[in-house]
Amino acid sequence: MKLPEELQYIQNSLKPQKTTDARVDGKVCVISGTTSGVGYQAAKRLAQGGAHLVMINRSREKGQRVQAELTENFGVQVDLFIADFQELAEVQQAAFEIREKYPQIHLLINNAGVFNRRRRRTPDGHEMTYGVIHLASFLLTRLLIDNLIHGAPARVLYISSEAHRFGGFSIKDPNWHKRPYVGLWAYGAAKIAQIHTAQVFAERYSDSDVTFNILHPGAVRTNIGMNNGFLYRIYSRYVLHWFLKDPVSSGEAIYYLAADPSLEGVTGRFYNQTIEEKPAWYAVKPDLSEAVWQQSEDFVQPYLEETL
Ligand SMILES: NC(=O)c1ccc[n+]([C@@H]2O[C@H](COP(=O)([O-])OP(=O)(O)OC[C@H]3O[C@@H](n4cnc5c(N)ncnc54)[C@H](OP(=O)(O)O)[C@@H]3O)[C@@H](O)[C@H]2O)c1
(Lines give C-alpha, C1' and ligand atoms only; values in the text may rest on other atoms or scores of the structure.)
Protein backbone atom coordinates (compact mmCIF):
# COMPACT_ATOMS: atom_id res chain seq x y z
CA MET A 1 0.00 0.00 0.00
CA LYS A 2 1.33 3.42 -0.97
CA LEU A 3 0.72 6.07 1.67
CA PRO A 4 -0.09 9.69 0.72
CA GLU A 5 3.06 11.74 0.03
CA GLU A 6 2.97 13.47 3.43
CA LEU A 7 3.03 10.11 5.22
CA GLN A 8 5.61 8.32 3.09
CA TYR A 9 8.26 9.10 5.67
CA ILE A 10 6.78 6.30 7.78
CA GLN A 11 7.43 3.75 5.02
CA ASN A 12 10.82 5.27 4.18
CA SER A 13 11.92 4.87 7.79
CA LEU A 14 11.43 1.11 7.46
CA LYS A 15 13.18 0.65 4.11
CA PRO A 16 16.73 -0.72 3.85
CA GLN A 17 19.21 2.14 3.75
CA LYS A 18 22.06 2.72 1.31
CA THR A 19 25.73 2.51 2.24
CA THR A 20 28.92 3.43 0.43
CA ASP A 21 32.53 2.25 0.21
CA ALA A 22 33.69 5.64 -1.05
CA ARG A 23 36.52 7.18 0.97
CA VAL A 24 37.10 10.74 2.13
CA ASP A 25 40.86 10.54 2.73
CA GLY A 26 42.32 13.88 3.84
CA LYS A 27 39.08 15.79 3.25
CA VAL A 28 38.54 18.57 5.77
CA CYS A 29 35.22 17.76 7.48
CA VAL A 30 33.82 20.28 9.96
CA ILE A 31 31.18 18.80 12.27
CA SER A 32 29.39 20.18 15.33
CA GLY A 33 28.25 18.21 18.38
CA THR A 34 30.41 15.07 18.26
CA THR A 35 30.42 14.25 21.97
CA SER A 36 27.51 11.80 21.77
CA GLY A 37 24.76 10.25 19.67
CA VAL A 38 24.41 11.03 15.98
CA GLY A 39 27.38 13.42 15.76
CA TYR A 40 29.72 11.01 17.55
CA GLN A 41 28.75 8.16 15.20
CA ALA A 42 29.13 10.39 12.14
CA ALA A 43 32.57 11.56 13.30
CA LYS A 44 33.62 7.96 13.90
CA ARG A 45 32.46 6.84 10.45
CA LEU A 46 34.18 9.80 8.79
CA ALA A 47 37.41 8.99 10.67
CA GLN A 48 37.11 5.40 9.46
CA GLY A 49 36.77 6.78 5.92
CA GLY A 50 40.02 8.75 6.33
CA ALA A 51 38.65 12.26 6.95
CA HIS A 52 40.57 15.10 8.54
CA LEU A 53 38.06 15.95 11.25
CA VAL A 54 37.43 19.43 12.59
CA MET A 55 35.04 19.07 15.52
CA ILE A 56 33.18 21.90 17.25
CA ASN A 57 31.97 21.06 20.74
CA ARG A 58 30.98 23.05 23.81
CA SER A 59 32.74 20.81 26.31
CA ARG A 60 36.52 20.73 25.96
CA GLU A 61 36.82 17.70 28.21
CA LYS A 62 34.29 15.58 26.29
CA GLY A 63 35.65 16.80 22.96
CA GLN A 64 39.20 15.85 23.90
CA ARG A 65 38.04 12.37 24.86
CA VAL A 66 36.53 11.84 21.40
CA GLN A 67 39.57 13.45 19.78
CA ALA A 68 41.95 11.03 21.55
CA GLU A 69 39.77 8.00 20.76
CA LEU A 70 39.40 8.74 17.04
CA THR A 71 43.05 9.68 16.57
CA GLU A 72 44.20 6.50 18.27
CA ASN A 73 41.74 4.14 16.57
CA PHE A 74 41.83 5.52 13.03
CA GLY A 75 45.18 7.38 12.75
CA VAL A 76 43.56 10.45 11.21
CA GLN A 77 43.98 14.10 12.14
CA VAL A 78 41.26 15.26 14.53
CA ASP A 79 41.16 18.92 15.58
CA LEU A 80 38.91 20.42 18.22
CA PHE A 81 37.34 23.87 18.53
CA ILE A 82 35.19 25.00 21.41
CA ALA A 83 31.90 26.90 21.09
CA ASP A 84 28.64 26.88 22.99
CA PHE A 85 26.01 27.28 20.26
CA GLN A 86 23.79 29.21 22.66
CA GLU A 87 26.29 32.05 22.22
CA LEU A 88 26.48 33.39 18.68
CA ALA A 89 29.72 35.19 19.61
CA GLU A 90 31.30 31.81 20.37
CA VAL A 91 30.09 30.40 17.04
CA GLN A 92 31.64 33.42 15.34
CA GLN A 93 34.95 32.99 17.21
CA ALA A 94 35.18 29.28 16.27
CA ALA A 95 34.25 30.01 12.64
CA PHE A 96 36.92 32.72 12.37
CA GLU A 97 39.56 30.37 13.80
CA ILE A 98 38.47 27.54 11.49
CA ARG A 99 38.44 29.60 8.34
CA GLU A 100 41.90 30.97 9.18
CA LYS A 101 43.31 27.48 9.70
CA TYR A 102 41.61 25.60 6.82
CA PRO A 103 41.44 27.66 3.60
CA GLN A 104 39.68 24.72 1.97
CA ILE A 105 36.77 22.92 3.62
CA HIS A 106 35.19 19.94 1.88
CA LEU A 107 32.34 19.05 4.21
CA LEU A 108 30.30 20.86 6.87
CA ILE A 109 27.86 18.90 9.02
CA ASN A 110 25.49 21.02 11.09
CA ASN A 111 24.58 18.50 13.77
CA ALA A 112 24.54 20.07 17.27
CA GLY A 113 21.01 20.18 18.65
CA VAL A 114 18.89 20.31 21.77
CA PHE A 115 15.31 19.55 22.82
CA ASN A 116 13.74 21.46 25.70
CA ARG A 117 10.39 20.57 27.26
CA ARG A 118 10.21 24.01 28.84
CA ARG A 119 10.99 27.35 27.27
CA ARG A 120 14.57 28.44 27.78
CA ARG A 121 16.42 31.37 26.30
CA THR A 122 19.97 31.85 25.06
CA PRO A 123 22.05 34.72 26.44
CA ASP A 124 21.25 36.49 23.13
CA GLY A 125 17.54 36.26 24.04
CA HIS A 126 16.51 33.67 21.45
CA GLU A 127 14.39 30.64 22.27
CA MET A 128 17.07 28.03 22.86
CA THR A 129 16.22 25.34 20.28
CA TYR A 130 15.80 28.03 17.61
CA GLY A 131 19.13 29.56 18.65
CA VAL A 132 21.19 26.37 18.92
CA ILE A 133 19.70 24.36 16.05
CA HIS A 134 18.92 27.08 13.56
CA LEU A 135 20.67 30.42 14.18
CA ALA A 136 24.03 28.91 15.18
CA SER A 137 24.15 26.61 12.14
CA PHE A 138 23.00 29.44 9.86
CA LEU A 139 25.78 31.70 11.16
CA LEU A 140 28.41 28.97 10.97
CA THR A 141 27.49 28.15 7.36
CA ARG A 142 27.47 31.84 6.39
CA LEU A 143 30.92 32.36 7.91
CA LEU A 144 32.49 29.23 6.36
CA ILE A 145 30.99 29.59 2.89
CA ASP A 146 34.08 31.06 1.17
CA ASN A 147 36.25 28.22 2.48
CA LEU A 148 33.67 25.68 1.25
CA ILE A 149 33.75 27.34 -2.17
CA HIS A 150 37.56 27.11 -2.16
CA GLY A 151 37.27 23.45 -1.19
CA ALA A 152 34.69 22.66 -3.88
CA PRO A 153 33.36 20.19 -4.73
CA ALA A 154 32.11 20.54 -1.16
CA ARG A 155 29.00 19.43 0.70
CA VAL A 156 26.97 20.89 3.55
CA LEU A 157 24.64 18.57 5.47
CA TYR A 158 21.98 19.65 7.94
CA ILE A 159 20.99 17.06 10.51
CA SER A 160 17.29 17.75 10.57
CA SER A 161 14.40 15.64 11.82
CA GLU A 162 11.07 14.19 10.75
CA ALA A 163 9.89 16.14 13.80
CA HIS A 164 9.72 19.17 11.50
CA ARG A 165 6.38 17.62 10.48
CA PHE A 166 5.04 18.66 13.92
CA GLY A 167 5.03 22.21 12.54
CA GLY A 168 5.24 25.07 15.02
CA PHE A 169 7.23 27.60 13.04
CA SER A 170 5.90 31.15 12.93
CA ILE A 171 7.88 33.85 11.16
CA LYS A 172 5.98 36.38 13.26
CA ASP A 173 7.07 34.73 16.49
CA PRO A 174 10.23 32.64 15.90
CA ASN A 175 11.31 33.09 19.52
CA TRP A 176 8.04 32.05 21.16
CA HIS A 177 7.30 35.38 22.84
CA LYS A 178 3.59 35.41 21.96
CA ARG A 179 2.55 31.74 22.00
CA PRO A 180 2.34 29.12 24.75
CA TYR A 181 5.51 27.08 24.49
CA VAL A 182 5.29 23.40 23.47
CA GLY A 183 8.68 21.68 23.40
CA LEU A 184 7.99 19.40 20.42
CA TRP A 185 6.61 22.29 18.36
CA ALA A 186 9.57 24.48 19.22
CA TYR A 187 11.92 21.66 18.18
CA GLY A 188 9.94 21.16 14.93
CA ALA A 189 9.94 24.91 14.34
CA ALA A 190 13.72 25.17 14.65
CA LYS A 191 14.13 22.34 12.15
CA ILE A 192 11.66 24.02 9.76
CA ALA A 193 13.59 27.30 9.90
CA GLN A 194 16.75 25.33 9.15
CA ILE A 195 15.14 23.52 6.17
CA HIS A 196 13.98 26.86 4.73
CA THR A 197 17.42 28.43 4.87
CA ALA A 198 19.18 25.27 3.64
CA GLN A 199 17.04 25.49 0.49
CA VAL A 200 17.97 29.15 0.03
CA PHE A 201 21.67 28.28 0.44
CA ALA A 202 21.22 25.60 -2.24
CA GLU A 203 19.56 28.11 -4.57
CA ARG A 204 22.03 30.95 -3.98
CA TYR A 205 25.12 28.78 -4.37
CA SER A 206 23.84 26.60 -7.19
CA ASP A 207 26.74 27.70 -9.44
CA SER A 208 29.45 27.09 -6.85
CA ASP A 209 29.85 23.29 -6.67
CA VAL A 210 28.93 23.47 -2.98
CA THR A 211 25.80 21.40 -2.28
CA PHE A 212 23.36 21.76 0.62
CA ASN A 213 21.24 18.80 1.68
CA ILE A 214 19.12 17.99 4.69
CA LEU A 215 18.60 14.65 6.40
CA HIS A 216 16.67 12.99 9.13
CA PRO A 217 19.21 10.67 10.80
CA GLY A 218 16.64 8.08 11.93
CA ALA A 219 14.92 7.80 15.30
CA VAL A 220 17.87 6.70 17.40
CA ARG A 221 19.00 6.24 21.01
CA THR A 222 21.05 9.29 22.02
CA ASN A 223 21.33 11.84 24.81
CA ILE A 224 18.84 14.22 23.24
CA GLY A 225 16.37 15.54 25.80
CA MET A 226 18.38 14.22 28.75
CA ASN A 227 18.68 17.80 30.01
CA ASN A 228 14.94 17.78 30.81
CA GLY A 229 14.99 16.54 34.35
CA PHE A 230 14.80 13.23 36.18
CA LEU A 231 11.33 12.11 35.03
CA TYR A 232 12.07 12.74 31.36
CA ARG A 233 15.38 10.89 31.69
CA ILE A 234 13.62 7.87 33.17
CA TYR A 235 10.94 7.98 30.46
CA SER A 236 13.55 8.33 27.73
CA ARG A 237 15.87 5.61 28.97
CA TYR A 238 13.30 3.01 30.01
CA VAL A 239 10.40 3.65 27.58
CA LEU A 240 11.41 5.69 24.53
CA HIS A 241 14.71 3.92 23.94
CA TRP A 242 12.93 0.61 23.32
CA PHE A 243 11.48 2.07 20.12
CA LEU A 244 14.67 3.66 18.86
CA LYS A 245 17.54 2.35 16.72
CA ASP A 246 21.25 2.22 17.35
CA PRO A 247 22.77 5.57 16.24
CA VAL A 248 25.46 3.68 14.29
CA SER A 249 22.85 3.68 11.49
CA SER A 250 22.77 7.50 11.60
CA GLY A 251 26.55 7.62 11.20
CA GLU A 252 26.27 5.34 8.14
CA ALA A 253 23.50 7.45 6.59
CA ILE A 254 25.38 10.70 7.12
CA TYR A 255 28.53 9.14 5.68
CA TYR A 256 26.60 8.01 2.60
CA LEU A 257 25.32 11.54 1.94
CA ALA A 258 28.76 12.99 2.66
CA ALA A 259 30.81 10.63 0.54
CA ASP A 260 28.88 8.72 -2.10
CA PRO A 261 29.70 9.83 -5.67
CA SER A 262 26.03 9.54 -6.69
CA LEU A 263 25.35 12.69 -4.62
CA GLU A 264 27.77 14.84 -6.64
CA GLY A 265 26.03 18.06 -7.67
CA VAL A 266 22.79 17.07 -5.92
CA THR A 267 21.55 19.99 -3.85
CA GLY A 268 18.54 21.31 -1.95
CA ARG A 269 17.11 17.85 -1.21
CA PHE A 270 15.66 16.26 1.93
CA TYR A 271 16.51 12.67 2.88
CA ASN A 272 15.05 10.27 5.38
CA GLN A 273 18.45 8.82 6.25
CA THR A 274 19.50 7.94 2.67
CA ILE A 275 16.11 7.93 0.95
CA GLU A 276 15.01 11.11 -0.74
CA GLU A 277 11.57 12.38 0.23
CA LYS A 278 9.54 15.56 0.32
CA PRO A 279 9.64 17.59 3.53
CA ALA A 280 6.33 18.88 4.91
CA TRP A 281 4.68 21.39 2.54
CA TYR A 282 5.09 24.25 5.01
CA ALA A 283 8.87 23.79 4.86
CA VAL A 284 8.87 24.16 1.06
CA LYS A 285 7.56 27.62 0.22
CA PRO A 286 10.14 29.67 -1.70
CA ASP A 287 8.76 33.07 -0.60
CA LEU A 288 8.70 32.02 3.02
CA SER A 289 12.18 30.51 2.71
CA GLU A 290 13.53 33.87 1.49
CA ALA A 291 11.78 35.64 4.38
CA VAL A 292 13.20 33.18 6.93
CA TRP A 293 16.67 33.68 5.43
CA GLN A 294 16.29 37.49 5.76
CA GLN A 295 15.05 37.22 9.34
CA SER A 296 17.91 34.87 10.26
CA GLU A 297 20.39 37.19 8.57
CA ASP A 298 19.02 40.11 10.62
CA PHE A 299 19.38 38.12 13.87
CA VAL A 300 23.00 37.11 13.18
CA GLN A 301 24.01 40.39 11.52
CA PRO A 302 26.23 41.63 14.39
CA TYR A 303 28.26 38.41 14.12
CA LEU A 304 28.79 38.60 10.36
CA GLU A 305 31.08 41.60 10.84
CA GLU A 306 34.73 41.00 10.10
CA THR A 307 35.83 42.05 13.59
CA LEU A 308 36.09 39.97 16.72
N1 LIG B 1 18.15 11.13 18.32
C2 LIG B 1 17.26 11.14 17.37
O3 LIG B 1 16.40 10.22 17.23
C4 LIG B 1 17.24 12.28 16.38
C5 LIG B 1 16.24 12.27 15.39
C6 LIG B 1 16.22 13.31 14.48
C7 LIG B 1 17.18 14.30 14.54
N8 LIG B 1 18.13 14.29 15.51
C9 LIG B 1 19.13 15.39 15.50
O10 LIG B 1 20.43 14.86 15.59
C11 LIG B 1 21.29 15.88 16.10
C12 LIG B 1 22.17 15.28 17.18
O13 LIG B 1 21.34 14.95 18.29
P14 LIG B 1 21.47 13.56 19.09
O15 LIG B 1 20.17 12.90 19.01
O16 LIG B 1 22.69 12.87 18.69
O17 LIG B 1 21.57 14.12 20.59
P18 LIG B 1 22.78 14.16 21.63
O19 LIG B 1 23.30 12.80 21.88
O20 LIG B 1 22.26 14.94 22.78
O21 LIG B 1 23.90 15.00 20.86
C22 LIG B 1 23.77 16.39 20.70
C23 LIG B 1 25.12 16.99 20.43
O24 LIG B 1 24.93 18.41 20.31
C25 LIG B 1 25.74 19.04 21.31
N26 LIG B 1 25.13 20.28 21.81
C27 LIG B 1 23.96 20.41 22.49
N28 LIG B 1 23.79 21.70 22.85
C29 LIG B 1 24.87 22.38 22.41
C30 LIG B 1 25.29 23.71 22.49
N31 LIG B 1 24.57 24.64 23.15
N32 LIG B 1 26.47 24.06 21.93
C33 LIG B 1 27.24 23.15 21.30
N34 LIG B 1 26.90 21.85 21.20
C35 LIG B 1 25.74 21.47 21.74
C36 LIG B 1 25.89 18.03 22.42
O37 LIG B 1 26.99 18.39 23.24
P38 LIG B 1 27.05 18.02 24.83
O39 LIG B 1 27.57 16.61 24.91
O40 LIG B 1 28.00 19.02 25.38
O41 LIG B 1 25.65 18.14 25.36
C42 LIG B 1 26.10 16.76 21.60
O43 LIG B 1 27.40 16.70 21.13
C44 LIG B 1 20.39 17.00 16.60
O45 LIG B 1 20.38 18.05 15.66
C46 LIG B 1 19.03 16.34 16.68
O47 LIG B 1 17.99 17.26 16.53
C48 LIG B 1 18.19 13.29 16.43
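Below is a short write-up of the structure. Since the model is a prediction, treat every value here as computed from it, not as a measurement.

**Some points on the packing of helix α5 (residues 128-151) against helix α6 (residues 183-204)**
Working step 1: Relative to each other, α5 and α6 sit at 15°, their axes nearing to 7 Å. One finds that α5 runs roughly parallel with respect to α6. The hand of the α5/α6 crossing is right-handed. Contacts from T129, Y130, I133, H134, S137, F138, T141 and R142 of α5 reach α6 at A186, Y187, A190, K191, A193, Q194, T197 and F201.
Working step 2: Looking at the contact of α5 with α6 residue by residue, the class counts come to 8 nonpolar, 6 polar and 2 charged.

**Some thoughts on the site of the ligand**
Working step 1: Looking at the ligand, there are 29 residues lining it, with T35, S36, N111, Y187 and T222 nearest.
Working step 2: A distance of 3.3 Å is found between an oxygen atom of the ligand and a backbone nitrogen or oxygen belonging to G33.
Working step 3: In this structure, an oxygen atom belonging to the ligand sits 3.4 Å away from a main-chain N or O atom of G113.
Working step 4: Relative to its unbound accessible area of 880 Å², the ligand is 93% covered by the protein chains.
Working step 5: Secondary-structure elements contributing two or more residues to the shell around the ligand are α2 (37-48) and α6.

**Here we look at the packing of aromatic side chains**
Working step 1: According to the stated counting rule, one finds 13 aromatic pairs in the structure shown.
Working step 2: A centroid spacing of 4.6 Å and a plane angle of 70° characterise the contact between F201 and W293, whose relative ring orientation is edge-to-face. Of this pair, F201 sits in helix α6 while W293 sits in helix α9 (residues 286-304); the two residues are 92 residues apart in sequence, bridging distant segments of the chain.
Working step 3: Residue classification places F201 among the buried positions, given a relative accessible area of 0%.
Working step 4: On the accessibility criterion, W293 (3% relative accessible area) is buried.
Working step 5: Here the aromatic rings of Y205 and F212 are separated by 6.0 Å at their centres, their planes lie at 40°, and the arrangement is tilted. The residues Y205 and F212 share a single accessibility class, namely buried.
Working step 6: Here the guanidinium or amino end of R45 rests over the ring plane of Y255, the centre of that ring lying 3.9 Å away.
Working step 7: Here the guanidinium or amino end of R204 rests over the ring plane of W293, the centre of that ring lying 4.2 Å away.

**Side note on the pattern of salt bridges**
Working step 1: This model, assessed by the stated rule, comprises 10 salt bridges.
Working step 2: Of the charged contacts, one joins K278 and E5 as a salt bridge, the two residues approaching to 3.7 Å between their closest N and O atoms. Of this pair, K278 sits in the loop between β8 (275-277) and α9 while E5 sits in the segment before α1 (8-14), and the two are 273 residues apart along the sequence.
Working step 3: Salt bridges linked by common partners bring E162, R165 and E277 together as one network.

**So, the side chain of Q41**
Working step 1: Position of Q41 relative to the elements: it lies in helix α2.
Working step 2: The contact partners of Q41, leaving out residues within four places of it in the chain, are P247, V248 and G251.

**As for the pairing of strand β2 (residues 52-57)**
Working step 1: Of all 6 residues in β2, 6 are buried; the element is thus mostly enclosed.
Working step 2: Across the two faces of β2 the burial is the same, with H52, V54 and I56 and L53, M55 and N57 all buried.
Working step 3: Relative to β2, strand β1 (residues 28-32) is paired through 5 bridges, and the arrangement is parallel. Counted as the bridge partner of V30 is V54 from β2.
Working step 4: Regarding the hand of the β-α-β motif, the stretch spanning β1, α2 and β2 is right-handed.
Working step 5: Pairing geometry for β2 and strand β3 (residues 78-82), over 5 bridges, is parallel. The residue of β3 that forms the bridge with M55 is L80.
Working step 6: In terms of handedness, the path from β2 via helix α3 (residues 60-74) over to β3 forms a crossover that is right-handed.

**Examining the pairing of strand β6 (residues 210-216)**
Working step 1: Among the 7 residues in β6, 7 count as buried, and that is most of the element.
Working step 2: Side chains of β6 alternate between two faces, with V210, F212, I214 and H216 and T211, N213 and L215 buried alike.
Working step 3: As judged from the 6 bridges shared by strand β5 (residues 154-159) and β6, these two strands associate in the parallel manner. Paired with R155 across the two strands is T211, which belongs to β6.
Working step 4: Since β5 and β6 lie parallel, the crossover through α6 that links them has a hand, and here it is right-handed.
Working step 5: In this structure, β6 lies alongside strand β7 (residues 270-272), joined through 3 bridges in parallel fashion. Across the sheet, the residue bridging to H216 is N272, located in β7.

Rules behind the numbers
- Residues numbered from 1 in each chain as written.
- Predicted model: local features only at pLDDT ≥ 70, side-chain atom pairs only at ≥ 80, totals over all residues.
- Heavy atoms only, no water.
- Axes fitted to C-alpha atoms, helices over the stretch in contact; angles between N-to-C directions.
- Helix = DSSP H or I, 4+ residues; strand = E, 2+ residues; numbered from the N terminus.
- Parallel < 35°, antiparallel > 145°, perpendicular 65-115°, else oblique.
- Left-handed = near helix turned anticlockwise from the far one by under 90°.
- Contact = heavy atoms within 4.5 Å.
- Nonpolar A, V, L, I, M, F, W, Y, C, P; charged D, E, K, R; others polar.
- Near = heavy atom within 4 Å.
- Polar contact = N/O pair within 3.5 Å; in protein donor to acceptor, adjacent residues only side chain to side chain.
- Areas by Shrake-Rupley, 256 points an atom, 1.4 Å probe, with all protein chains shown as cover.
- Phe/Tyr/Trp six-rings, centres within 6.5 Å; stacked < 30°, edge-to-face > 60°.
- Buried < 20%, exposed > 50% of the residue type's maximum accessible area, 1.4 Å probe, protein only.
- Lys NZ or Arg CZ within 6 Å of the ring centre and 35° of its normal.
- Salt bridge = Lys/Arg side-chain N within 4 Å of Asp/Glu carboxyl O.
- Pairing = 2+ DSSP bridges.
- Right-handed = clockwise from strand over helix to strand, strands pointing away.

Treat this as a map of the structure, not an account of what it does.
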